[in-house]
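Structural overview for review
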Amino acid sequence: MLYALLVGDLRCSGQTQVLHIDHFPPPSLPYAAHCHLHRAFPFTFCSQRRRHSWSIMVVLRHHVSRLALLTLVSAFASAQDEPKPFDCSLTIGDRKYDLNTIEGEHTVSRSLSVPPTTIEDKVTFNLCKDLERKSDVPSEDQCPTGTRACLVRTNRKDGQSDRVFSVIPLANSSADAVTVDRLSSPKGLDLTFAGPSYPSAVNADPIPQFFHLKLLCSTETSNVNFTSYDGKDLHLEWSAPAGCGFGGPPEGDEKPGDSPNEGGGSDEPGGNKESEGSGLGYFFLILLLAFVAYFGLGAYYNYSTYGATGADLIPHRDFWREVPYMLKDVVSHLCSAVRPRQASRGGYIAV
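Scope of this entry: the structure provided in the associated data block. Bear in mind that the values here come from a model prediction, so they are computed numbers and not experimental data.

Quick notes on the pattern of salt bridges
Under the definition given, this model contains 8 salt bridges. Ionic pairing is found between R156 and E120, a salt bridge with its closest N-O pair at 2.5 Å. Here R156, found in strand 12 (residues 147–156), pairs with E120, found in strand 11 (residues 117–125); they are 36 residues apart in sequence, far enough to count as distant. For R156, a relative accessible area of 32% translates into the label partly exposed. Across the pair D121 and R153 runs a salt bridge, and its minimum N-O distance is 2.6 Å. Residue D121 is found in strand 11, and its partner R153 is found in strand 12; the two are separated by 32 residues along the sequence. The burial state of D121 is the same as that of R153; both residues are buried. One network of salt bridges, in which partners are shared, links R110, D121 and R153.

A closer look at the sheet that holds strand 15 (residues 187–198)
The 5 strands lie next to each other as 14-15-16-18-17, forming an open sheet whose pairing is mixed. Two strands lie at the open edges of the sheet, namely strand 14 (178–184) and strand 17 (225–229), each paired on one side alone. For this sheet the average axis-to-axis angle between neighbouring strands, irrespective of direction, equals 20 degrees. Bridging between strand 16 (residues 207–217) and strand 18 (residues 233–240) involves 8 bridges; their strand directions are parallel. Bridge pairing links L215 to W238 in strand 18.

Some points on the nonpolar core
Residues L99, V123, L127, F211 and L236 are the most contacted members of the largest nonpolar core, which totals 31 residues. Beyond its immediate stretch of four places on either side in the chain, F211 contacts V123, F125, L127, A149, L170, A171, L191, T192, F193, L234 and L236. Listed in part, the 5 residues of the second largest apolar core include L131, C150, V152 and V167.

Quick word on the state of the cysteines
One pass over the full model with this rule turns up 3 disulfides. In this model, C88 is linked to C128 through a disulfide, with the two sulfur atoms separated by 2.0 Å. Between C88 and C128 the disulfide shows an S-S torsion of about -115 degrees. By sign, it is left-handed. With C88 in the loop between helix 1 (66–81) and strand 8 (89–92) and C128 in the loop between strand 11 and strand 12, this pair connects stretches of sequence that are 40 residues apart.

Remarks on the side chain of H212
Counting through the fold element by element, H212 comes out in strand 16. Reaching out from H212, the side chain makes a polar contact with the side chain of T192 at a distance of 3.2 Å. Setting aside chain neighbours within four positions, we find H212 in contact with L191, T192, D233, L234, H235 and L236.

Describing the sheet that holds strand 11
If you walk across this open sheet you meet the 4 strands as 10-11-12-13, and the pairing is antiparallel. Strand pairing shows two members of the sheet lacking a second neighbour, strand 10 (106–114) and strand 13 (163–172), which therefore form its edges. Pairs of neighbouring strands in the sheet enclose a mean axial angle of 15 degrees, with direction left out of account.

Cut-offs applied
- Residues numbered from 1 in each chain as written.
- Predicted model: local features only at pLDDT ≥ 70, side-chain atom pairs only at ≥ 80, totals over all residues.
- Heavy atoms only, no water.
- Salt bridge = Lys/Arg side-chain N within 4 Å of Asp/Glu carboxyl O.
- Helix = DSSP H or I, 4+ residues; strand = E, 2+ residues; numbered from the N terminus.
- Buried < 20%, exposed > 50% of the residue type's maximum accessible area, 1.4 Å probe, protein only.
- Pairing = 2+ DSSP bridges.
- Axes fitted to C-alpha atoms, helices over the stretch in contact; angles between N-to-C directions.
- Core = buried A, V, L, I, M, F, W, Y, C linked by side-chain atoms within 4.5 Å.
- Contact = heavy atoms within 4.5 Å.
- Disulfide = S-S within 2.5 Å.
- Polar contact = N/O pair within 3.5 Å; in protein donor to acceptor, adjacent residues only side chain to side chain.

Here you go:
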């Protein structure tokens, strides 16, 4: 955004008139000087980077009135001050998103029961273009020009005509009013549009409005879900392929079905480790199921054949009683085999 300040007056010398304008862009811009000769117009436009500002000169080759020159400069400054509209082609990191695939006006509503009436909240939004004015709707029941999301609140009562009591612009078209964050789990985008303030019914201070859209990655486009509205923040949730993105993502950001570990497998070490871990888990699961089946069938056999009860239901009960002693003997044998032999005082080896 360009902020210009007229710091001098016209200096007339012969056939040339020069006007200096200073403005202050970010200091990271390089030192440069540019001149453009306009054949269709009697002036040359020059700009040069100085130490702390830019100097812009409009050099006229013929006599031109001061009013015409100031009009030209004002038009140039106004063009630079116009806000840039939000662009639906996004790049976040190494991931690109094209929201033009879901361009168009979308409407979602909810109903709130407030006896004896019902309040309908209807949201109409278009992410990529301003909402169009409708000829069949009263002007006061529509949001102003330049709105990307509009909330219309209507009061309904049986036997009476519907009454629109609030028309709230939630988002404007300026790119500076939009914040986009990438979601990791679930994958998608979180878009926040800032809108103008709207009068509050509770206090005298107007409340800034915000339009939040959680665009989730999905292979199919779902219906828009009206999540909530608290008088300030309106939240919607939508699943669509536009939330997946495309092109050179970092590891772990593949679209659904594009992951190398899905389907045909992968030659990467990470895929092999995952396969090995899964195989080991299946082995212990089968082993556990085998033990459960063994004790269950054995207990049923002892009960049906011998009429056993309590601890007598355990199959091969005597064997399982001896298992702790057998383990103790095995551990003692291993320890004695590993422990180094120590010589006695007389030179004998302990046996």
